[in-house]
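Descriptive structure summary
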Amino acid sequence: NVVTRSLSSVGARVDGMAFAAATRIDASASTSSASSGVASSLRDGARRRMMHRCALTAVNARAGDEDFASVERWGVRAVRRADFDGVLETCAKSGVDWSPAAILDDCEKVVSSPASSLTKVLVAVPAPGEAQESNPRAIGAVGFCVVVAGETQVTQIATLPSIRRRGLGQRMLRALIGIDPRSVAVLEVKSTNEAALGMYVKCGFAESNRRRAYYADGSDAICMIREPEEAPVSTRELTRLLAGLPRDRARAAPPPLPEREAAEVRPVVDVPREQAFIRSSDEDGGFKMRNRIRRK
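Nothing here was measured: the structure is a model prediction, and the numbers come from that model.

Considerations on helix α6 (residues 194–202)
Those residues of α6 lying buried are A196, L197, M199 and Y200. Down the axis of α6, the buried side of the element spans an arc of 165°, and every buried residue falls inside it. Facing away from the buried surface of α6 by more than 90 degrees, the exposed residues are E194, V201 and K202. Phi turns positive, to about 100°, at G204, one or two residues after α6.

Structure follows, in structure tokens:
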């Protein structure tokens, strides 16, 4: 951000100098039509660049916490009560047509009873250590879904316009699907939303139905579905499949092992000798202890 502001200030000074030079040329060469045309072209170009720079500065000032340098390390987690204001702000900036009361109602369900609530709300927040980590309004994306009866209904994904096309929406969608990876995921998308359609297809969704003129502007609603991925194949199952067994028999549980009779174990006993000590053959004539006998 510091580098961007420095470059912006340098560019503004250059444009101001060009604008002043064009004005001087126009004043000193009013009799020459060619010089006047050059001066007018320089002045118009400088004016356009300065107006564009001022507009960008105003947008950045209004965006505030949207000016994120990178979202690659951002994480996705369940919504918390401290996130409510940020969720409302992100949904409003993303064009979500839900009422604030409906959004807060879904968030309250998740916070009050996270285990039993069918509604799930996830938020994308800065990673630990980033500048915006402590800002409760720094929420780049919000995802809503309902998990019920083996089906995950993705109802809404809202991403800030300033950080779109960086993979954050796709990461949010995969997180929603991962809440119950064994369930079927379904959603509806506007037929004119090409960016969302491309993201859904990339995540494995396919069109299942189409509702004609579903939206107020006459656009169709495309119903999409994603079947759950198959469980990973174990080494035992893969060996059986390669051997030609059908899938149901390859996935069958292995038969129980036959019971084996336990072998009789006889303890090892150390038995002392009848004569424990013998006279040493050394010159001192002492005694030494004889080794024990090991019997099985």
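So, next bit.
A look at the layout of surface pockets
If you add up the space inside the largest pocket, you get close to 1,200 Å³. Lining the largest pocket are 35 residues, with Q156, I157, N193, A196 and Y200 sitting closest to its centre. For the lining of the largest pocket, the secondary-structure elements that each account for two or more residues are β4 (151–159), α5 (168–177), β5 (184–190) and α6. It is β4 that contributes the most residues to the lining of the largest pocket, 7 residues altogether. Classifying every residue of the lining of the largest pocket gives 16 nonpolar, 11 polar and 8 charged.

Some words on the side chain of S94
Within the secondary structure layout, S94 lies in helix α3 (residues 84–94). A distance of 2.7 Å separates the side chain of S94 from the backbone oxygen of T90, its partner in a polar contact. Not counting residues within four places of it along the chain, the set of residues in contact with S94 comprises A158, T159, L160, P161 and R164.

Cut-offs and rules
- Residues numbered from 1 in each chain as written.
- Predicted model: local features only at pLDDT ≥ 70, side-chain atom pairs only at ≥ 80, totals over all residues.
- Heavy atoms only, no water.
- Buried < 20%, exposed > 50% of the residue type's maximum accessible area, 1.4 Å probe, protein only.
- Helix = DSSP H or I, 4+ residues; strand = E, 2+ residues; numbered from the N terminus.
- Arc of directions from axis to C-beta.
- 1 Å grid on protein atoms, 1.4 Å probe; cavity = no way out; pocket = protein on both sides within 12 Å on 5 of 7 lines; lining within 4 Å.
- Points joined across faces, edges and corners; volume = space filled by probe spheres on them.
- Nonpolar A, V, L, I, M, F, W, Y, C, P; charged D, E, K, R; others polar.
- Polar contact = N/O pair within 3.5 Å; in protein donor to acceptor, adjacent residues only side chain to side chain.
- Contact = heavy atoms within 4.5 Å.

So, to be careful, I would describe these as geometric facts and stop short of saying anything about function.
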